[in-house]
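Take a look at the letters that make up each chain.
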Amino acid sequence: MDFKKKLKIRLYTAIAVLIIGIAMIALGCIKNREMLTSFGLMFFVIGIARIRQYKRITKDDESFRAREIAETDERNVKIWTQARALAFSVYIFIAAIAVITLYAIDLDLYAKIISYSLLSFVLIYWICYIIIRRKN
């Protein structure tokens, strides 16, 4: 995919996040739900930040080219791919220890919540693995 097109998709995603944030703020004010308003504000701020980042990257060719190199350079791609893999492994290990510990101290509800999270994470991994394997 062309890098310019990828940035456009990110811009549209940021605009969608901004709109979702505004809708959540409005709904939170109407329904008098403080948590919904807080999440809406968070989405709104993230949307604004991402749009500003897009504008900063695309304002001149030099910053655009530097960002393209940073995201497409093989070394950088390898580093963030390895970092994701390490984060996945560490999360799985910590969550497994937490589940065992929580069951051992009779906190079954919390252990179930973490184990469902762990199950979901591994399930998503396997689905992604199958999809990527079929593409290659």
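Conventions adopted
- Residues numbered from 1 in each chain as written.
- Predicted model: local features only at pLDDT ≥ 70, side-chain atom pairs only at ≥ 80, totals over all residues.
- Heavy atoms only, no water.
- Helix = DSSP H or I, 4+ residues; strand = E, 2+ residues; numbered from the N terminus.
- Rg over C-alpha atoms; globule rule 2.2 N^0.38 Å.
- Buried < 20%, exposed > 50% of the residue type's maximum accessible area, 1.4 Å probe, protein only.
- Contact = heavy atoms within 4.5 Å.
- Areas by Shrake-Rupley, 256 points an atom, 1.4 Å probe, with all protein chains shown as cover.
- Lys, Arg positive; Asp, Glu negative; His and termini not counted.
- Charge placed at Lys NZ, Arg CZ, Asp CG, Glu CD.
- Patch = residues over 30% accessible without salt bridge, like charges linked within 9 Å, V, L, I, M, F, W, Y side chains within 5 Å.
- Salt bridge = Lys/Arg side-chain N within 4 Å of Asp/Glu carboxyl O.

**Q** An account of the overall build of the protein is requested, with residue identities and associated values reported.
**A** Within the protein, the secondary structure is distributed over five helices and zero strands. In summary, the protein has a C-alpha radius of gyration of 20 Å against a globular reference of 14 Å for 136 residues, an excess of more than 25%. Expressed as lengths along the three principal axes of its C-alpha atoms, the size of the protein is roughly 60 × 50 × 25 Å. Buried residues in the protein amount to 16% of all 136 residues. Residue pairs at least 24 apart in sequence account for 47% of intrachain contacts in the protein once pairs closer than 6 positions are excluded. Surface summary for the protein: the accessible area is close to 10900 Å², and the carbon and sulfur share equals 67%. Charged side chains of the protein number 21 positive and 11 negative; the gap between the two group centres comes to 5 Å.

**Q** Can you lay out a nonpolar patch on the surface for me, pointing to particular residues and giving the numbers?
**A** A contiguous nonpolar patch, built from Leu86, Val90, Phe93, Ile94 and Ile97 and spanning about 500 Å² of accessible area, is present on the exposed surface. A relative accessible area of 52% means that Ile94 is categorised as exposed.

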